[in-house]
Amino acid sequence: MSDLHIDLVAANRILAMENVLDGYGHVSVRSDRKPGHFFMSRSLAPQLVKVSDIMEHDADSEPVGDDRKPYLERFLHGEIYRQRPDVMAIVHSHSDAVIPFGVTKSAMKPIYHMASFLYSGVPVFEIRRTRAENDLLIRDHELGRDLAKSLGKCNCVLMRGHGMTVVGDGLPEVVFRAVYTQVNARLQTAAGHLQGPIEFLSEEEGKRATVTNRGTVERPWELWKMKAMGPEPGSR
Ligand SMILES: [Zn+2]
């Protein structure tokens, strides 16, 4: 049982606790032993994930030596890891708060410093450009590749009529980003009802605040992990 597996269980439970994931959605982490591979639970509600549910997936998003049922949308993880060597962890969520930004002309932008990482832009993936006849889900390599292309160098991509996918340099950062993307969506929607125009963070502010937040990302992670998993053995 590696620390990475325990942290992946924690990430699943934190994201469920924070209502970023419910019965659906998933989080993965790049393998520390084989960089082309990644770890993710078998097909299961995130709140229920235990270490024994975690499966290694290869670079083609297939489970390695494991015949348990994988997540249908595992291809979005594999194809992003392939196209983005800097990405170490990924969250895919059906967060209701972000849906309006994927189906209107209102672009999501960083409204406050906790979501400063959105300065890189928040593209919207239009699945119809890849496949007119679709069920919105990223169910194969081709769709995964095009989603990864849509993400480009950004930290978050919205998926029209479906949800969002967020990337980070590890589990603490990707959990932080998924939580605060959802908060940013709520705040931007609320601000939209007030007298505008909305004053967003500038690109420079976004860059600087992202560097600052990276220095403290362990703080909320430790708090969330304790709430989701209980105190670590030996801490009492
Ligand atoms: Zn999905």
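Our subject is the structure listed above.
These notes cover the structure that comes with them.

Parameters and conventions
- Residues numbered from 1 in each chain as written.
- Predicted model: local features only at pLDDT ≥ 70, side-chain atom pairs only at ≥ 80, totals over all residues.
- Heavy atoms only, no water.
- Core = buried A, V, L, I, M, F, W, Y, C linked by side-chain atoms within 4.5 Å.
- Buried < 20%, exposed > 50% of the residue type's maximum accessible area, 1.4 Å probe, protein only.
- Helix = DSSP H or I, 4+ residues; strand = E, 2+ residues; numbered from the N terminus.
- Contact = heavy atoms within 4.5 Å.
- Pairing = 2+ DSSP bridges.
- Axes fitted to C-alpha atoms, helices over the stretch in contact; angles between N-to-C directions.
- Phe/Tyr/Trp six-rings, centres within 6.5 Å; stacked < 30°, edge-to-face > 60°.

Right, let's talk about the nonpolar core for a bit. In this structure, L15, M108, L158, L171 and V175 are the most contacted members of the largest nonpolar core, which totals 61 residues. Looking at this core element by element, the count peaks at eight residues for helix 5 (residues 171-191). Once you skip the residues sitting within four places of it in the chain, M108 turns out to touch V98, F101, L118, V122, L158, T181, N184, A185 and Q188.

This part covers the sheet that holds strand 4 (residues 89-93). An order of 3-2-1-4-7-6-5 is seen for the seven strands of this open sheet, with the pairing classed as mixed. Single-partner strands in this sheet number two, and they are strand 3 (54-57) and strand 5 (124-125). Bridge count for strand 5 against strand 6 (residues 156-159) is two bridges, and the pairing is parallel. By the bridge assignment for strand 6, F125 is matched with M159. Packed on one face of the sheet, helix 5 meets strand 1 (26-30), strand 4, strand 6 and strand 7 (163-168) and runs near 145 degrees to strand 7.

Turning next to the packing of aromatic side chains. Within this structure, the stated rule accounts for five aromatic pairs. Ring geometry for Y180 and W224: centres 6.3 Å apart, planes at 40 degrees, overall tilted. With Y180 in helix 5 and W224 in helix 7 (residues 218-229), this residue pair connects regions lying 44 residues apart in the sequence. Chaining the aromatic ring pairs together yields one cluster made of Y112, F117, F176, Y180 and W224.

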